[in-house]
Every structure is written in structure tokens, then in C-alpha cells.
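# Residue-level structure breakdown
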Amino acid sequence: MGGLAPAAAVELFVDRARAVRPGFLADRPAVGVIEDICRRLDGLPLAVELAAARLRALPLATLAERLDDRFRLLSRGARTALPRQQTLRAVVDWSYDLLFEDERRLFARLAAFTGGCGLTAAEAVCADDQVPAGEILDVLSRLVDKSLVTASGGDGEARFGQLQTLWQYGRERLGESGEADAMRARHGAYYRQLATEAHQGLRGATGPRCRDRLVAESGNLRAALDWYIATGDADAALSLASGMAWLWFINGDFLEGARWLGDALGTEGPRRPEVGATAHLWHGYCVGMSTHPAAGVIECEEAVAALRTGHDQVRLAEALVICATVLGFAHHFGRSLDALGEARDLLEPAGHGWLLGVHDLIVAWNLLSLGRLEDAEPVARSSLERFDAQGEVLLVVSPLNALASIAEARGDLDAASAAYEALLERCRATGQPIQVPFSLVALATLRARQGDDPAADALYAEAIGCSFNPWVSADAMVGQAAVARRLGDLPRSRALLDAAGGHYRHIDLPAGPPRVLAGLAWWALAAGHPDQAADFAVGAAEGASASGDPATQLLAETAVAAVKAIADPTRDHTEAFTALALRRARGLAYRSLTDEPDVAALTARLALLAR
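Per chain, residue numbering runs from 1 following the sequence as it is written. With pLDDT at 70 or above as the cut-off, local features in this predicted model cover only qualifying residues; side-chain atom pairs require 80 or more to be listed or tallied, and sums for whole chains, interfaces and linings still use all residues. Each side-chain value is worked out from all heavy atoms of the structure, with water and hydrogens disregarded.

## Let's talk about the overall build of the protein chain
A count of helical and extended segments in the protein chain gives 33 helices and three strands. In terms of overall dimensions, the protein chain has a C-alpha envelope of 95 × 70 × 40 Å along the principal axes. Accessibility throughout is a Shrake-Rupley quantity obtained with a 1.4 Å probe, and a residue counts as covered only by protein chains that appear here. About 25,900 Å² of surface is accessible on the protein chain, with carbon and sulfur atoms providing 54% of the total. We count Lys and Arg on the positive side and Asp and Glu on the negative side, and we leave His and both chain ends out. Here the site of a charge means atom NZ of a Lys, CZ of an Arg, CG of an Asp or CD of a Glu. For the protein chain, the distance from the average site of its 60 positive side-chain charges to the average site of its 78 negative ones is 5 Å. Only DSSP runs of H or I covering at least 4 residues are called helices, and only runs of E covering at least 2 are called strands; the numbering of each starts at the N terminus.

Here is the structure:
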């Protein structure tokens, strides 16, 4: 029961559509809908023909909306066809009726999975006295031979799945069998265990394999979570979602993590206090790192307070590290370092090397943000050494990033450039979604500082294109706006700043709006509006002071001094700007700021005027 290639399925649909509705127009919008319909019908020729025939009575959009009920929708085929070919259900019924009893039973049970499964999972969930575990592979092989199950896989474990049409049919058969609840309960238990084991499996040398398996099984993990939510098993739902939390930490998919954890926390039913607190911790982390840092801080600190009443010191130490990460992102650097100090005291006696590596990593980024380069470097190297000792290959890119930033802050731009390029290559090779755009932004800003604005423009555009975190996109837009301004494209510069401002407002990041206002001050100067520039600069300074972020404060102070030096180039104003530029050159910011080329150009201009 194989399907047509996508192009052939679309061609068949359009041909049959024109037979029942002469003049049917397959324009560009319609082709996209048709491609989706054919994909959801697995390219099965009979299903495609029956769907097209429904255009006698239904608009194309309505047909697509109703496709989930495909066995009722796609009925009454050509009257001259054989009985088994007259409806989609009939042709699947005919294939199903030819199966042996063990094949029918396993075919229906496989519908408990979402997106397929491996042999081990099939044996754990589907096997019983009627279909023993030792016979699962043989029955699966027969179903593959009969085109009712698909088999795929490279060097790893083979993966078995079903076409969407057959999967939906199998769900109906599973429901009729009376085994649906039992199968879903066993399915849930299997994937809850997988998520629980991932808490440790994502660490160290096993990390890439565990991460790839969780990604491949995301449909099943979500189905298991939904089952526990529906049945009111709060403990199971929270344990499953929390078990996967390090995946979102590593991948940086904070929005997805917030959604899963939020759904789990909404489960009705009793829960153990420590399980609930851990889920709240990770939910606060994902919310804080994606959209609302302040709200994330509150939820994380409340979770830490709840875990202090328990007896699991490792769980508490982990919570302190995660809470410190959000505190640092929200620019509460002192509180973050305090939490990390408490975590270290709990972790060092027990020798938890991997968690200590994460601890050192967050300490290093806090120190970098405070401009304490000499203190940050040994801690970043300690994180790298701890990760190397644990065989870590995913998170290790972050201390490498920190060390590249230190080289940049010290003015060794060639070394920093080489380090960022090597880091990008490593991030891509190991599949690091958050680190790729983050590293692209860092390299773009460095390229602009080196005087290559066209290269910086392309890197910023690439970062915006591949980032799925709004704050990374906004940071890239602010940088690209500065590049566009220096390249003479003031309308594009303004549009980018406005777009960045919208992103920052959406995520409630206090340091964001002042960065935009500082960029607008430079934009207004370039546009010949000094009074407007002064207003923007003052707004930037006020917002930066409240943000607590040293780099943003430096951007704002520079914008204020630049406006004064340009609009009113008195000796006091020019000397104040020159002094600020000198202070910046001594490395107070751990990474190049978006206005570095402007500061250098204005410093040189003022020096000429002073002669």
C-alpha cells in the first residue's frame, strides 16, 4: 500500500479535481493546500482520487479542514470499481482482513505510538501472552512485507511506523479492541521511564545519543504527557516533563519547554511537593530565558525555597544553579553569584563533576558580564576541564564561547575571530541550535569592529534567520541596524530598530529597550536630527540605569556623550567623550558592542578637530 511521490500525487489530485470541477485552478496558494492534503493522505492513489472527487461539493479549504475524519469523508468512490476499491475504508479493511490474528493485534497496538517506535519500545509496550516479546520482530517484519508498517533506520536501531492513513485506521481498531487504555498506560510508563533516564543520560559522553533519541521520540513523549494529563496523574506528568528539562537547557528550546512544563503543572491530581517544586523550577527557567525574565526569577526562587525544606541536597544544588542562570540573564549578577556559591558548597563534597562544570560555566558568564575578565578566565577554563573529564561534547561549546569573548575583550581580535569561527563549526557539527545564532551575533559584531560591515550584515541576517529565541533575534536586529546605518541605508536601519523594540517589549527584557534607544540616538544623528537624538539618548540612559546590565549602561552613556560632542562640540563635551572612549578601550565590556565602529570614527574626528 505504497504512496506516490509528492509531485505525482499533486498531479493526480489536480487531474481528478478538473474532472469533477472543470476549470479548477491550481494556482500557487492552492498548490500549497493540495501538497498538504496529499502528504496527509500519504500519497495513496485511491485516497487522493477520493479527496479530489469531494470537490464536487466542498471548497478546497474545507476539504483540507475535514481531512482528519478521512474515513467518513473519503467514501463513495467510482461505482464501476471493485467493491474493495470503492472507499478508502474498504481498501484498508480488505488489507486488514487478510492479516493473521497476531498481525492484526500488533497492527492495532502500534497505533498507541505517535511517530513510530523502535523495536525495544514495541516489545515493551505491545508484547503479552498473545504476542510474546520474542515474536514481535517476526510479526513486525510480516507487516512490513505487507506494506502496513514502514521500517527505517541507519546505523542505529530500526524504527517502525505507519502511514498516517493506516495509523488512524489502527487507532480505530485499537479502540474497538478494548485494549486502548491498557496500551496507552504501558506506552506512558515506557516513555516516562525514558524521560526519567534522560535526566542523567543527557550529561557527558552519552549526551548526543540521548538528545537525538529524545528528539526522535518527541511525538511519543508528548503523547505520554497528554495521557497523564488526561488521566489526572500529576506526579507522572511532572516527572516526565522535568526529566526532559536538560534537553531544553542544552538545545535552548525554551518556548517548547515552557509549554510542556506549563501543561504538566496544570494537571489535576495530587503531587509530591519535591516533584511539583522541580517542575516549577524548570518552568520558571524556560519562561525566564524566553519571554519574561522577572517572572522566571520569581518562580525559580519560590521553587528553591520549597526544595530547601526537603532532604535531597543534589536536587537543591541543581535548582540553585538553574535559578542562578535566570538571575544572571535578568542581570541580577550578585544574587546569581550568591546562589552559585551555595550550590558549590553542596556539590563539591559529593564530587558531582558535571553539575560543577555547569556551575563554573554560569559563574564565568556572570563575571564576564560584570567586566571581571581576570576572574572569569580561570573559572571558564575550570568548566571546560570538568566537562572534558566527563566526556561532555554539547555544553562544552559554552565555556569555549566565554574564552573567545575574553580574547575579544582583551583586544586580540584575530584570536577571537578564529575562536568564534571554530566555535561555529563545532556548534553546527554537534547540532547546537541556540549556540549557532548566538555565535553568529558575536562574530558579526566583531566583524563590524574590524571594519567589515558587509560581512557583519550577512552574519546578522543569518543569525536572525536561524534563531528561534526572540531575545537573540532582537540583539541581532540592533546590531544589523547599526551596520545598515553605516552603509547608508537609514530606512532599513530604522525598521530593524523598530522590529527589535517589538521583540524586547514582548519578552519583557529590561536591557532591551535602552539598547534600541541608544541605536536610535545614533540613527537620529545620522539623519540630521540632533534634538531627537538627545531625547533618545536620555531615554536610553534612564532605562539602562534601571536594567542593571553594565554593557547596556555603557552603550547608553556613550550615546549621551556622542550626542553632546556632535551637537555642541565644546572642549568639555569632546574631552568627556574621549575619556569615555578610552575607558571602553580598557575592556570593561566582555564582547564588542554594536557602536564600536561609531566610537572609533567619532574619536578620530574629534582628534582632528582638536588640532
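## Regarding the packing of aromatic side chains
Any Phe, Tyr or Trp ring, taking Trp's six-membered ring, that has another such ring centre within 6.5 Å forms a pair; planes under 30 degrees apart are called stacked, those over 60 apart edge-to-face, and the others tilted. In the structure shown here, the tally under the stated rule is 16 aromatic pairs. Geometrically, the ring pair formed by W248 and W260 is edge-to-face, given 5.8 Å between the ring centres and 65° between the ring planes. One end of the pair, W248, is in helix α15 (residues 245-251); the other, W260, is in helix α16 (residues 254-265), and twelve residues separate them in sequence. Between F438 and W471 the ring centres are 6.4 Å apart and the planes differ by 70°, which places this aromatic pair in the edge-to-face class. Of the two residues, F438 is situated in helix α25 (residues 435-449) and W471 in helix α27 (residues 470-486); the sequence distance between them amounts to 33 residues. Exposure remark for F438: the relative accessible area of 22% places this residue in the partly exposed category. Each residue is assigned to one of three classes by its accessible area relative to the maximum for its type, calculated with a 1.4 Å probe on protein chains only: buried under 20%, partly exposed between the two thresholds, exposed over 50%.

## What to know about the pattern of salt bridges
Proximity of charged atoms lets side chains of opposite charge pair with each other. In what follows, salt bridge is the name for a side-chain nitrogen of Lys or Arg lying within 4 Å of a carboxyl oxygen of Asp or Glu. Enumeration over the complete set of coordinates arrives at 42 salt bridges. R259 is the salt-bridge partner of E256, the closest N and O atoms lying 2.9 Å from each other. Placement of both E256 and R259 in helix α16 is noted, with a separation of three residues, approximately one turn of the helix. The exposure class assigned to R259 is partly exposed, which follows from its relative accessible area of 41%. When the shortest N-O distance is used, the salt bridge between D498 and R494 registers 3.2 Å. With D498 and R494 both in helix α28 (residues 490-507) and four residues apart, the pair spans about one turn of that helix. Here the salt bridges share partners, and the residues they tie into one network are E101, R105, R109, D128 and E179.

## Some remarks on the environment of V314
Its place among the elements puts V314 in helix α19 (residues 313-329). When its relative accessible area of 31% is taken as the criterion, V314 is described as partly exposed. For the pair formed by V314 and A127, sequence separation is 187 residues and the distance between their alpha carbons is 37 Å. Contact criterion: two residues are considered in contact whenever any of their non-hydrogen atoms come within 4.5 Å of each other. Excluding residues within four positions of it along the chain, V314 makes contact with H352 and L355.

## Considerations on the environment of R40
In this fold, R40 is placed in helix α2 (residues 28-40). For R40, a relative accessible area of 13% gives the class buried. Sequence-wise, R40 and T165 are 125 residues apart; in three dimensions their C-alpha atoms are separated by 7.6 Å.

## A closer look at the state of the cysteines
Disulfides are defined as cysteine sulfur pairs within 2.5 Å. Overall, the coordinates contain zero disulfides when judged by the stated rule. With no disulfide of its own, C117 lies 6.2 Å from the sulfur of C126, the closest cysteine sulfur.

## What to know about unusual backbone geometry
Positive phi outside glycine occurs at H331, with the angle close to 70°. Take H331: it is sitting in the loop between α19 and α20 (333-347). For H331, a relative accessible area of 12% gives the class buried.

## A few points about empty space enclosed by the protein
Over the atoms, a rolled probe matching the size of one water molecule traces out where space is still vacant. In this analysis the probe radius is 1.4 Å and the grid spacing 1 Å, with only protein atoms considered; a cavity is a set of points the probe fits into but cannot get out of, a pocket is an open set with protein on both sides within 12 Å along at least five of seven lines, and lining residues have an atom within 4 Å of a point. Grid points are joined across faces, edges and corners, and a volume is the space filled by probe spheres set on the points. All chains considered together, the criterion is met by one cavity of 30 Å³ or more. When its volume is computed, the largest cavity comes out at roughly 90 Å³. If you trace the largest cavity, you find 14 residues lining it, with A482, R485, G519, W522 and T594 closest to the centre. Of all the elements in the fold, those that place two or more residues in the lining of the largest cavity are α27, α28 and α29 (512-526). Ten residues, namely Ala, Val, Leu, Ile, Met, Phe, Trp, Tyr, Cys and Pro, are considered nonpolar, four, namely Asp, Glu, Lys and Arg, are considered charged, and the remaining ones, Gly among them, are considered polar. Grouping the constituent residues of the lining of the largest cavity by class yields seven nonpolar, three polar and four charged.

## Focus on the side chain of T445
Examined against the element boundaries, T445 turns out to sit in helix α25. For T445, a relative accessible area of 6% corresponds to the buried category. Ignoring anything within four residues of it in the chain, the contact list for T445 reads Y460, S592, L593 and T594.

## Some thoughts on α2
The span expected for a helix works out to 1.5 Å for each residue beyond the first. End to end, α2 covers 19 Å across 13 residues, agreeing with the expected 18 Å (1.5 Å per residue, within 8%). Where α2 is concerned, the buried positions are A30, I34, I37, C38 and R40. Projected down its long axis, α2 carries its buried residues within an arc of 165°, all on one side. Facing away from the buried side of α2 by more than 90 degrees, the exposed set consists of R28 and P29. Throughout this description, a polar contact denotes any pair of N or O atoms lying within 3.5 Å of each other; where both atoms belong to protein, one of them has to be capable of donating a hydrogen while the other can accept it, and for residues adjacent in sequence the pair is counted only when both atoms sit in side chains. Between the side-chain oxygen at the start of α2 and the backbone nitrogen of A30 there is a gap of 3.0 Å, and the oxygen is on D27. Residue D42 follows α2 closely and has a positive phi angle near 60°. Throughout, the arc means the angular range of directions from the helix axis out to the C-beta atoms.

## Brief notes about α16
With twelve residues, α16 ought to run about 16 Å at 1.5 Å a step, and its terminal C-alpha atoms sit 16 Å apart, in line with that. Those residues of α16 not exposed but buried are F254, G257, A258, W260, L261, A264 and L265. Where α16 is buried, its residues touch α13 (218-231), α14 (234-243), α15, α17 (273-290) and α18 (293-307).

## Things to note about the environment of P470
One can find P470 in helix α27. P470 sits 61 residues away from A409 along the chain, and the two C-alpha atoms are 26 Å apart. Not counting residues up to four positions away in its chain, the partners in contact with P470 are S290, H503 and I507.

## Some details on the sheet that holds strand β2 (residues 150-152)
Overall, antiparallel pairing links the three strands, which are arranged β1-β3-β2 in an open sheet. Every interior strand has two partners, whereas the edge strands, β1 (117-118) and β2, have only one. The pairing of β1 with strand β3 (residues 159-161) spans two bridges and is antiparallel. Directly across from C117, in β3, lies its bridge partner F160. Two strands are counted as paired when DSSP detects at least two bridges linking them.

## A closer look at the side chain of Q162
Relative to the helices and strands, Q162 resides in the loop between β3 and α10 (164-177). Here F107 takes part through its backbone oxygen, which lies 3.3 Å from a polar atom of the side chain of Q162. Excluding anything up to four places from it in sequence, Q162 contacts F107, L110, A111, L148, V149, T150 and W167.

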